[in-house]
Amino acid sequence: MSSAEEQVVTSEVRDGIATIRLNRPEYRNAQNSAVTYALDAAFVEATNDDAVKAIVLAGNGKHFCAGHDIGTPGRDIDQSFERKAVIWWDHVGAEGVDSRFARESEVYLGMCRRWREIPKPVIAMVHGACIAGGLMLAWSCDFIVASDDAFFQDPVVQMGIPGVEFFAHPWVTNPRAAKEMLYTGDRMSAARAYELGMVNHVVPREELEERTREIASRVARMPRLGLALTKKAVNQAEDLQGFRAGMDSVFGLHHAAHAHNAEVQGDSLAGVNIKAIRAESK
Ligand code: ZN
């Protein structure tokens, strides 16, 4: 891993558990592409390391993740990266849908799908904010353990967009809860997320690390192949319930929305920036 990647994602292995952490705490761990590729590299390393039996994904600082980077000085949407998730041309140098579709297929939808298929158990350990792109990260994991101060939010309907790119909302909650979450853009508390079955456990903030490690350690005692096949089995069941095909169809709607914004307002995000989202979020 390069030193630049080490700055935005950290990784440590202890007692069979790899803990991978987003590390842009000054920007509430907003994900730029540098983060995406550093995360991917850390996941690959943990997968290749036979000493790692389970993976925990967390965020350094006060929050798990505030979403995709739509306004920090490290925003890097105009940069090229070697593609890992899909075979497609580079978005850099392309225009309009040609550029957006290429980029989002790779760094958003493709990467989350790739991480959902990591053959080792992955547990999201969520505290504080888990917003939009942060949801995609947590939802790509097998379990979510949340602290009682965690909240979940997808405010992108205010950009005229029907949810984030990894559109799992109706499957990880239920259709009515998904609509409410999206229509209002409100924060969903950890307690409510637990009621809906979106998170596995809600624990006091000060116990989050310990309780998550405890669960990861129990899982880590199972045989490697047994876990990998079980993960595939449940993911396949979800896909047979329309998870994958549904997400593909919504990805088209998502890009219709970006294109509409660009056509009508001259900006694919409808002029909504990070400050506006923070001000309007409640
Ligand atoms: Zn998008």
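Located above this text is the structure these notes cover.
If you're wondering where the values come from, they're calculated on a predicted model, not measured in any experiment.

The rules behind the values
- Residues numbered from 1 in each chain as written.
- Predicted model: local features only at pLDDT ≥ 70, side-chain atom pairs only at ≥ 80, totals over all residues.
- Heavy atoms only, no water.
- Phe/Tyr/Trp six-rings, centres within 6.5 Å; stacked < 30°, edge-to-face > 60°.
- Helix = DSSP H or I, 4+ residues; strand = E, 2+ residues; numbered from the N terminus.
- Buried < 20%, exposed > 50% of the residue type's maximum accessible area, 1.4 Å probe, protein only.
- Donors = N, O, S within 2.8 Å, 3.2 Å for Na, K, Ca; no water.
- Pairing = 2+ DSSP bridges.
- Contact = heavy atoms within 4.5 Å.
- Axes fitted to C-alpha atoms, helices over the stretch in contact; angles between N-to-C directions.
- 1 Å grid on protein atoms, 1.4 Å probe; cavity = no way out; pocket = protein on both sides within 12 Å on 5 of 7 lines; lining within 4 Å.
- Points joined across faces, edges and corners; volume = space filled by probe spheres on them.
- Nonpolar A, V, L, I, M, F, W, Y, C, P; charged D, E, K, R; others polar.

**Student:** Lay out the packing of aromatic side chains with the relevant residues and their values.
**Tutor:** In the structure shown here, the tally under the stated rule is 7 aromatic pairs. Measuring from centroid to centroid gives 5.6 Å for Trp 88 and Phe 101, while their planes differ by 55°, and the two rings are tilted. Of this pair, Trp 88 sits in the loop between strand S3 (54-59) and helix H3 (96-116) while Phe 101 sits in helix H3, and the two are 13 residues apart along the sequence. Assessed through its relative accessible area of 35%, Trp 88 is described here as partly exposed. Using a relative accessible area of 27% as the deciding quantity, one classes Phe 101 as partly exposed. By way of ring pairs, the aromatic residues Trp 88, Trp 89, Phe 101 and Phe 251 are connected into one cluster.

**Student:** Which residues make up the coordination of the zinc ion, and what values go with them?
**Tutor:** Protein coordination at the zinc ion: the donors are Glu 104 (OE), Glu 104 (OE), Glu 165 (OE), His 254 (NE2) and His 258 (NE2), at 2.1 to 2.3 Å from the metal. For the zinc ion, the single-chain donor residues occur in sequence as E-x60-E-x88-H-x3-H. Linking His 254 with His 258, this pair stays in helix H10 (residues 243-265), spanning 4 residues, or about one helical turn. Each member of the pair, His 254 as well as His 258, is classed as buried.

**Student:** An account of the sheet that holds strand S5 (residues 129-131) is needed here, citing residue identities and associated values.
**Tutor:** Pairing is mixed across the open sheet formed by 3 strands, whose spatial order is S5-S7-S8. Lying at the two open borders of the sheet, with one neighbouring strand each, are S5 and strand S8 (188-189). Relative to strand S7 (residues 151-153), S5 runs parallel, the two sharing 3 bridges. Of the residues in S7, the one forming a bridge with Ile 131 is Gln 153. With respect to the sheet, helix H4 (residues 133-140) is in contact with S5 and S7, its orientation differing from that of S5 by roughly 95°.

**Student:** Kindly report on the sheet that holds strand S2 (residues 17-22), identifying the contributing residues and their values.
**Tutor:** Read from one edge of the open sheet, 6 strands run S1-S2-S3-S4-S6-S9, paired in mixed fashion. Whereas interior strands pair on both sides, the edge strands pair on one side only; in this sheet they are strand S1 (9-14) and strand S9 (201-203). Strand-to-strand twist in this sheet, taken as the mean axis angle between neighbours without regard to direction, amounts to 20°. For S1 and S2, the ladder comprises 6 bridges, and the chain directions are antiparallel. By the bridge assignment, Thr 10 is partnered in S2 with Arg 21. Contacts from helix H2 (residues 33-48) reach S1, S2, S3 and strand S4 (122-126) within the one sheet, and its direction differs from that of S2 by about 175°.

**Student:** Lay out the layout of surface pockets with the relevant residues and their values.
**Tutor:** Computed from the structure, the largest pocket encloses a volume of approximately 700 Å³. Taken together, 41 residues line the largest pocket, and the ones lying closest to its centre are His 68, Ile 70, Arg 75, Tyr 108 and Leu 269. Among the secondary structure elements, those contributing two or more residues to the lining of the largest pocket are H3, S7, H10 and helix H11 (274-280). The element that contributes the greatest number of residues to the lining of the largest pocket is H3, accounting for 5 residues. Taken together, the residues of the lining of the largest pocket break down into 18 nonpolar, 12 polar and 11 charged. If you add up the space inside the second largest pocket, you get close to 600 Å³. In terms of lining, the second largest pocket is formed by 27 residues, of which the most central are Cys 141, Asp 142, Phe 143, Val 234 and Asn 235. Taken together, the elements giving at least two residues each to the lining of the second largest pocket come down to S4, H4, strand S6 (143-147), helix H5 (169-172) and helix H9 (224-240). Residue classes in the lining of the second largest pocket are distributed as 17 nonpolar, 5 polar and 5 charged.

**Student:** Describe empty space enclosed by the protein, naming the residues involved and giving the relevant values.
**Tutor:** To find leftover empty space, one rolls a probe the size of a water molecule over the atoms. Under the counting rule described, the total for this entry stands at 2 cavities of 30 Å³ or more. In this structure, the largest cavity spans a volume of roughly 80 Å³. Tyr 37, Arg 83, Asp 90, His 91 and Glu 106 are the residues nearest the centre of the largest cavity, which is lined by 13 residues in total. Every element with two or more residues in the lining of the largest cavity is listed here: H2 and H3. Residue contributions to the lining of the largest cavity peak at 4 residues, all from H3. Its residues assigned to classes, the lining of the largest cavity comprises 5 nonpolar, 4 polar and 4 charged. The computed volume of the second largest cavity comes to approximately 40 Å³. Residue lining of the second largest cavity: Arg 113, Arg 116, Glu 117, Phe 166, Phe 243, Arg 244 and Met 247, and that is the complete set. At the level of elements, H3 and H10 are the ones that each hand at least two residues to the lining of the second largest cavity. Of the residues forming the lining of the second largest cavity, the biggest block, 3 residues, is contributed by H10. Partitioned by chemical class, the residues of the lining of the second largest cavity number 3 nonpolar, no polar and 4 charged.

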